[in-house]
Amino acid sequence: MKDIREDIAWAKINQDVLKSLENPRKLYWVILFCALAAFGVGIGCEVYQYQTGLGVANLNNPYAWGLYISTFIFWIGMSHSGTLLSAILHLMHADWRKPIYRFAEAMTTFSLMTAGLFVMVHIGRLWQFYYSLPYPSERGIWPNFQSPLLWDAMAIFTYLSSSILFLYVGMIPDLAICRDNMHEGWRKKLYTLLSLGWEGTDRQWRNFRVTYLTIACFLSPLAVSVHSIVASDFAMSQQPGWHVTSFPPYFVAGALYSGCSGIITLFIILRYVFKFEEYMTKSILKKIVRLTFAISMIWTYLNAVEFASVWYSNDQASKDILIQKATGTYAPFWWGMIFCGSIVPLTLAFKRAQTNIPVLFAVSLLLNLGMWLERWMIIAPTFSHGYYPWTWDHDQWPSLIQWGMVFGSFGWFTMLFMVFCKVFPSVSMYEVKEMVYHRSLHLKKSETAEQGAH
Amino acid sequence: MSVNNLLENWSQFRHFHPVDDKPHDPYKWAMSIDLDACTGCNACSVACYAENNLPVVGKEKYAHGQAMHWMRIERYWDEDDRDFPDQGAQFLPMMCQQCEAAPCETVCPVAATNHTADGLNSQVYNRCIGSRYCSANCPYKVRYFNWYDYPTDDNVWPAEMNQQLNPDVTVRGKGVMEKCTFCVQRLHAAKGAARSEGRIVRDGEVQTACQQACPASAISFGNLVDPESRVHKQWKAQQVELDKEEQTKDKKEEGGSELRGYRIFEELRPYPSVMYLERVRESAV
């Protein structure tokens, strides 16, 4: 199987991709409306919570964090594979990333924007959010630079701004193609503005390559550091179940894991909806599936490392939490996480499953369910069975307000992503052309070599 | 505001060791609680509600764990085979331990909780944004969050009781964290009065509300630096020191120790300022 056919004409690539920007079908509007409605539910919950107080989330005094933080980590995690595909694999010259990195990078940006919302709804005084930003004030008050939460705020802002920049810079040649192929209208104006006068001259390409490479180099370590910092929120604290040295790699692996399965889900949807079979080939799908499988095994290993280190640490409180996770109130969710995160991906080891689209779709959704549960199972058990006996067996279930906002976040993400797909090309045209070109070059070379051998 | 200024200022508020880094002079407020004297009557808790304008959240919110009792009496049943009326219980009054190396202070993103020169762990309500990280990292879980706008929206103080609110203490709005302050308003008043006479606060001159209300005098409170204070003498007699990491009474062989003093979670090294005296019947028998 080959990643892409070498005989696709460049004009056809343009035509196929630009087709995805045409007026949407009715179903698009229906789904967009549903997403908007879901987001509306989330907004409604937030307005109510803002007016009444965080008590409506049914959090309580020792149990101070809930689904907001879990879902925040989930969305931050979702954002990681976009960077893996677009920046890290770019640096490694993996050609197969080219048709799929654009939507993955968009996923990165939008899930970061979603994650940011959860920080906002989590804090008690949203109107004082700016206190956590290091701005010079006449009173000489600074945020606390020791706090992992502050590192978090900085890391996420940096990551979000660089991701947007990276997404945009990588899109400039494509925006120029859109500009040149569009009829007069607001779109043409938008593309003209955004393509920054791209002509495709040698000089422009040279500068473009350097810029793109620079941001890719900057973004790769950033992606790793962002989730390590999110992990520090827990690892730097003193609580049993959180104070684990292996948390940063564990979080990064989990992030790549959920991100990769998110990419599989969106890959399948886009391939079907936009009829991108020529570009999003099964061969490429197989490569991401294998990558996901490898990451899932790393995640499983790191999970086992965590259990083992807790077990051998001789720290009774941490051990108790582990036992609580496996046998306590949250046991069904914890075992659900183990099942979805470590057992379900085993299907990906079978060659037949690696290209079976219905199976992959179901598996990728289950994997993400498992990863969401994982985040919840990091938060909840430590609160219900921490150091202090007074807090023990103090289960707290999220209220409908919390669930409403989690639900709303999916609406928000879907909405952003759908708008993106209709306004910007979700497959990178110029890089697919490069890929086709590389392939035909490669074929020619091997042909010549063969002739030489004769 | 230069970076230098930022870095220099910052180090003043942070330290790594409770005694070596920052000598307490002339005050270090500390407490000791005699669990043998405690009857679990809850008078301290009620006094705290009255003194510090704590919102009375009502049955429903209490059941949701949203109570605001800065001072709480924890009850632990004896683990023997007897059933309820015969089964013994133990009580533990629990409030903010005013740790010298407080886990809550380092994690607050906006530095709303800090250490004062007289050894208190202070909470700046105006600065708090309500991330609740301090509560998540507190080993004792003694921080209470304002889940609702208690003073205005919720009927936590009936109209006729508005007159009994303590004017020396602010009421806290929605979305901020609060906790025991060792009745900092009383400490400030006493320190001010003493300063005007050119001396330091004498032992017994200032009492916390819980100490004042305790019918069994189980709580003593004072200046740990002052060698004449009751707290200092008690700590010394029990061989409990601020920068210790383990309890002397545990190092002695079984039954051989006369010592009763310990601090909760000393092994986590938050260096708490509250010493508890174990009940005699467990330690001596």
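Rules used throughout
Residues numbered from 1 in each chain as written. Chains lettered and ligands numbered in written order. Predicted model: local features only at pLDDT ≥ 70, side-chain atom pairs only at ≥ 80, totals over all residues. Heavy atoms only, no water. Helix = DSSP H or I, 4+ residues; strand = E, 2+ residues; numbered from the N terminus. Contact = heavy atoms within 4.5 Å. Areas by Shrake-Rupley, 256 points an atom, 1.4 Å probe, with all protein chains shown as cover. Rg over C-alpha atoms; globule rule 2.2 N^0.38 Å. Buried < 20%, exposed > 50% of the residue type's maximum accessible area, 1.4 Å probe, protein only. Lys, Arg positive; Asp, Glu negative; His and termini not counted. Charge placed at Lys NZ, Arg CZ, Asp CG, Glu CD. Patch = residues over 30% accessible without salt bridge, like charges linked within 9 Å, V, L, I, M, F, W, Y side chains within 5 Å. Salt bridge = Lys/Arg side-chain N within 4 Å of Asp/Glu carboxyl O. Polar contact = N/O pair within 3.5 Å; in protein donor to acceptor, adjacent residues only side chain to side chain. Pairing = 2+ DSSP bridges. 1 Å grid on protein atoms, 1.4 Å probe; cavity = no way out; pocket = protein on both sides within 12 Å on 5 of 7 lines; lining within 4 Å. Points joined across faces, edges and corners; volume = space filled by probe spheres on them. Nonpolar A, V, L, I, M, F, W, Y, C, P; charged D, E, K, R; others polar. Expected span 1.5 Å × (residues − 1). Bend = angle between axes of the 7 residues up to and from the residue. Core = buried A, V, L, I, M, F, W, Y, C linked by side-chain atoms within 4.5 Å. Disulfide = S-S within 2.5 Å. Phe/Tyr/Trp six-rings, centres within 6.5 Å; stacked < 30°, edge-to-face > 60°. Lys NZ or Arg CZ within 6 Å of the ring centre and 35° of its normal. pLDDT = per-residue confidence, 0-100.

## Considerations on the overall build of chain B
Phase 1 of the analysis: Regarding its fold elements, chain B presents 10 helices and 10 strands.
Phase 2 of the analysis: In chain B, once contacts between residues fewer than 6 apart in sequence are set aside, the share between residues at least 24 apart is 63%.
Phase 3 of the analysis: Carbon and sulfur atoms provide 51% of the accessible area of chain B, an area that totals close to 13200 Å².

## Digging into the overall build of chain A
Phase 1 of the analysis: Broken down by element type, chain A carries 16 helices and 0 strands.
Phase 2 of the analysis: For 454 residues, the compact-globule estimate of 2.2 N^0.38 gives 22 Å, and chain A sits close to it at 24 Å.
Phase 3 of the analysis: Referenced to the eigenvectors of the C-alpha coordinate spread, the extents of chain A come out at roughly 80 × 55 × 45 Å.
Phase 4 of the analysis: When the 454 residues of chain A are sorted by exposure, 59% land in the buried category.
Phase 5 of the analysis: Roughly 19200 Å² of accessible area belongs to chain A as shown, and the carbon and sulfur atoms make up 68% of that amount.
Phase 6 of the analysis: Taking the average location of the 34 positive side-chain charges in chain A and that of its 28 negative ones, the two points are 7 Å from each other.

## A short note on helix α12 (residues 331–343) of chain A
Phase 1 of the analysis: Within the sequence span of α12 of chain A, burial applies to Ala331, Trp334, Gly336, Met337, Ile338, Cys340, Gly341 and Ser342 of chain A.
Phase 2 of the analysis: If you follow the buried residues of α12 of chain A, they end up packed against α9 (247–273), α10 (282–313), α11 (316–327) and α14 (357–384) of chain A.

## Quick word on a nonpolar patch on the surface
Phase 1 of the analysis: On the surface, a nonpolar cluster with roughly 320 Å² of combined accessible area is contributed by Trp10, Tyr437 and Leu441 of chain A.
Phase 2 of the analysis: As for its position among the elements, Trp10 of chain A is in helix α1 (residues 10–19).

## Considering the pattern of salt bridges
Think of it this way: side chains of opposite charge can pair up when their charged atoms draw near.
Phase 1 of the analysis: Inspection of the entire model under this criterion finds 17 salt bridges over all chains.
Phase 2 of the analysis: Across the pair Lys191 of chain B and Asp118 of chain B runs a salt bridge whose closest N-O atoms are separated by 2.7 Å. Of the two residues, Lys191 of chain B sits in helix α6 (residues 184–196) while Asp118 of chain B sits in the loop between β4 (113–115) and β5 (121–123), which places them 73 residues apart along the sequence.
Phase 3 of the analysis: The class of Lys191 of chain B is buried, set by a relative accessible area of 14%.
Phase 4 of the analysis: One salt bridge in this structure joins Glu266 of chain B and Arg263 of chain B, with 2.9 Å as the shortest N-O distance. For the pair Glu266 of chain B and Arg263 of chain B, a shared accessibility class is recorded, and that class is buried.
Phase 5 of the analysis: Through salt bridges that share partners, Lys98, Arg209 and Glu434 of chain A make up one connected network.

## Some thoughts on the side chain of Ser409 of chain A
All names here are of chain A.
Phase 1 of the analysis: Counting through the fold element by element, Ser409 comes out in helix α15 (residues 400–423).
Phase 2 of the analysis: Taking relative accessible area as the criterion, Ser409 reaches 4% and is therefore assigned buried.
Phase 3 of the analysis: In terms of polar contacts, Ser409 uses its side chain to reach the side chain of Trp75, at 3.1 Å.
Phase 4 of the analysis: If we ignore the near neighbours within four places in the chain, the residues touching Ser409 are Thr71, Trp75, Thr114 and Phe118.

## Concerning the sheet that holds strand β9 (residues 261–262) of chain B
Phase 1 of the analysis: Taken in spatial order, the 4 strands make up an open sheet running β8-β1-β10-β9 (chain B), and their pairing is mixed. Since the sheet does not close on itself, it has two edges, and those belong to β8 (219–223) and β9 of chain B, each with one partner.

## As for the layout of surface pockets
Residues and elements named next belong to chain A.
Phase 1 of the analysis: For the largest pocket, the calculated volume is near 1100 Å³.
Phase 2 of the analysis: Considering the residues around the largest pocket, the lining is formed by 36 residues, among which Leu266, Ile269, Val273, Phe417 and Met418 are closest to the centre.
Phase 3 of the analysis: Breaking the lining of the largest pocket down by element, the ones donating at least two residues are α1, α2 (26–52), α3 (67–78), α9, α14 and α15.
Phase 4 of the analysis: Grouping the constituent residues of the lining of the largest pocket by class yields 23 nonpolar, 6 polar and 7 charged.

## Notes on helix α6 (residues 148–181) of chain A
Residue and element names in this part refer to chain A.
Phase 1 of the analysis: When the terminal C-alpha atoms of α6 are compared, their 48 Å separation across 34 residues agrees well with the 50 Å that a helix rising 1.5 Å per residue should span.
Phase 2 of the analysis: At Ile172, α6 shows its maximal kink, close to 50°; a proline, Pro173, follows between one and four residues later.
Phase 3 of the analysis: Taking burial as the measure, the 34 residues of α6 include 24 buried ones, the bulk of the element.

## Thoughts on the interface of chain A and chain B
Phase 1 of the analysis: Opposite the 47 residues of chain A that make contact, chain B presents 52 residues.
Phase 2 of the analysis: Summed over the shared surface of chain A and chain B, the number is 0 salt bridges.
Phase 3 of the analysis: On inspection of chain A and its partner chain B, the count reaches 38 residue pairs in polar contact (both at pLDDT 80 or more).
Phase 4 of the analysis: Secondary-structure elements contributing two or more residues to the side of chain A that touches chain B are α2, α6 and α8 (202–235) of chain A.
Phase 5 of the analysis: Here the residues of the side of chain A that touches chain B are counted per class, giving 24 nonpolar, 21 polar and 2 charged.

## Re the nonpolar core
Phase 1 of the analysis: Ranked by size, the top nonpolar core spans 208 residues in total, and within it Trp65 and Phe234 of chain A together with Tyr276 of chain B carry the most contacts.
Phase 2 of the analysis: Apart from residues no more than four positions distant in its own chain, Tyr276 of chain B is found in contact with Ile33, Leu35, Leu92, Pro93, Met94, Met95, Gln97, Arg260, Gly261, Tyr262 and Ile264 of chain B.
Phase 3 of the analysis: Counting residues in hydrophobic clusters, the runner-up holds 8 residues, among them Leu224, Trp235, Val240 and Leu277 of chain B.

## Looking at the state of the cysteines
Residue and element names in this part refer to chain B.
Phase 1 of the analysis: Evaluation of the coordinates by the stated rule reveals 0 disulfides over all chains.
Phase 2 of the analysis: Between Cys128, a cysteine without a disulfide, and Cys134, which holds the nearest cysteine sulfur, the sulfur-to-sulfur distance is 6.4 Å.
Phase 3 of the analysis: Accessibility expressed as a relative area gives 7% for Cys128, which makes it buried.

## Some words on the pairing of strand β10 (residues 274–277) of chain B
All names here are of chain B.
Phase 1 of the analysis: Burial along β10 is two-sided: Val274 and Tyr276 facing one way and Met275 and Leu277 facing the other are all buried.
Phase 2 of the analysis: Sheet analysis places strand β1 (residues 29–34) next to β10, joined by 4 bridges and oriented parallel. Bridging from a neighbouring strand, Asp34 pairs with Leu277 of β10.
Phase 3 of the analysis: Sheet analysis places β9 next to β10, joined by 2 bridges and oriented antiparallel. Its bridge partner being in β10, Gly261 is matched across the sheet by Leu277.

## Some remarks on the packing of aromatic side chains
Phase 1 of the analysis: All chains considered together, the criterion is met by 55 aromatic pairs over all chains.
Phase 2 of the analysis: For the ring pair Trp198 of chain A and Phe208 of chain A, a centre distance of 5.5 Å and an interplane angle of 70° mean the geometry is edge-to-face. Residue Trp198 of chain A is found in the loop between α7 (186–194) and α8, and its partner Phe208 of chain A is found in helix α8; the two are separated by 10 residues along the sequence.
Phase 3 of the analysis: Phe208 of chain A sits in the buried class, given a relative accessible area of 5%.
Phase 4 of the analysis: Through pairs of rings, three or more aromatic residues link up here, namely Tyr63, Trp65, Phe234, Trp242, Phe247, Tyr250, Phe251, Tyr257, Trp299 and Phe383 of chain A together with Tyr133 of chain B.
Phase 5 of the analysis: Just above the ring of Tyr28 of chain A sits the side chain of Lys422 of chain A; from NZ or CZ to the centre is 6.0 Å.
Phase 6 of the analysis: A cation over a ring is seen here: Arg72 of chain B above Trp390 of chain A, with NZ or CZ 3.5 Å from the ring centre.

## So, unusual backbone geometry
Phase 1 of the analysis: Unusually for a residue other than glycine, Leu196 of chain A sits at a positive phi of about 55°.
Phase 2 of the analysis: Tracing the chain through its elements places Leu196 of chain A in the loop between α7 and α8.
Phase 3 of the analysis: The phi angle at Arg132 of chain B is positive, at roughly 65°, despite the residue not being glycine.
Phase 4 of the analysis: Within the fold, Arg132 of chain B resides in the loop between β5 and α5 (133–137).

## Some points on the confidence of the model for chain A
Phase 1 of the analysis: Summary statistics for chain A give a mean pLDDT of 88 and a share of 99% for residues scoring 70 or more.
Phase 2 of the analysis: The lowest-confidence element of chain A is helix α4 (residues 80–91) of chain A, averaging 80 in pLDDT; the highest-confidence one is α2 of chain A, averaging 93.

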